[in-house]
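# Structural description and commentary
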Amino acid sequence: MKILYICTHNRCRSILSEAITNQLGADHQISAKSAGSQPVGQVHPLSIEYLDANAYSTKGLKSQSWDEFESFSPDLVITVCDSAANETCPVYFSNTNQMHWGLADPSKVSGTSMEIAEAFNTCIRTIEARVTLLIDLKNKGLNALQIKSEIEGRE
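Quick summary incoming for the structure in this document. Since this is a predicted model, take the numbers as computed values, not measurements. Within each chain, residue numbers correspond to sequence positions counted from 1 in written order. Whole-chain, interface and lining totals are the exception, using all residues; otherwise, since this is a predicted model, local features are given only for residues with pLDDT of at least 70 and side-chain atom pairs are given and counted only at 80 or more. Only hydrogens and water are set aside when side-chain values are computed; all heavy atoms of the structure are taken into account.

## What about the pattern of salt bridges?
Think of a salt bridge as a Lys or Arg side-chain nitrogen and an Asp or Glu carboxyl oxygen that are within 4 Å of each other. Applying the stated criterion across every chain, the model contains 3 salt bridges. Residues R125 and E128 are paired through a salt bridge, measuring 2.7 Å at the closest nitrogen-oxygen approach. Taken as a pair, R125 and E128 lie in helix α4 (residues 113-139) at a separation of 3 residues, close to a single helical turn. Each residue is assigned to one of three classes by its accessible area relative to the maximum for its type, calculated with a 1.4 Å probe on protein chains only: buried under 20%, partly exposed between the two thresholds, exposed over 50%. By relative accessible area, R125 is classed as partly exposed at 39%. What makes E128 buried here is its relative accessible area of 17%. Helix and strand assignments come from DSSP, with helices taken as H or I runs of at least 4 residues and strands as E runs of at least 2, each series counted from the N terminus.

Here it is in structure tokens:
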């Protein structure tokens, strides 16, 4: 199963989701990429820092445009920010199962280092829980459409 995570700037939440999915899903034939409609071209440094701190590989992570994924053919496109959820995806994703995982943006938290760490770690734990559910459903033999329906039915 191939998943494409989309966030407008592709620098934090979609990057976190890509890294976590690739590591947790590696033994379950799940792979992920991430992209943005308006990528900034650089991964947020704290995304890398907190992925490293939580023992997730950051190898190969980069901020890139969804235009680079026309031939990727994902089984599932997941938007992770509200602005991306309201954007019209490119036509080459029109037949792909799409869902939204609204995640608070930890890179926009200002405060103490402890408050910022809490925001990133909370986001990471949320992604882990969602990816674990996705893996469990896939392991039960559900396809992307069934997984989408099952997850949306629980929200």
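## Regarding the environment of N54
With respect to the helices and strands, N54 occurs in the loop between α2 (45-53) and β3 (76-79). Taking the C-alpha atoms as reference points, N54 and I151, separated by 97 residues in sequence, lie 25 Å from one another. In contact with N54, not counting residues within four places along its chain, are N121, I124 and R125. Side chain to side chain, N54 and R125 meet in a polar contact 2.6 Å long. Any two residues having at least one pair of non-hydrogen atoms within 4.5 Å are treated as being in contact. N or O atoms within 3.5 Å of each other form a polar contact, as long as, within protein, one can give a hydrogen and the other can take it, and as long as residues adjacent in sequence are counted only when both atoms are side-chain atoms.

## A few points about the pairing of β3
Across the two faces of β3 the burial is the same, with L76 and I78 and V77 and T79 all buried. Two strands pair if DSSP finds at least two bridges between them. As defined by bridge partners, strand β1 (residues 2-6) adjoins β3 across 4 bridges and the pair is classed as parallel. Counted as the bridge partner of I3 is L76 from β3. In this sheet, strand β4 (residues 97-100) lies alongside β3 in parallel orientation, the contact comprising 4 bridges. Residue L76 lies in a different strand from β4, and its bridge partner there is N97.

Read these as layout, nothing more, since geometry by itself doesn't imply function.
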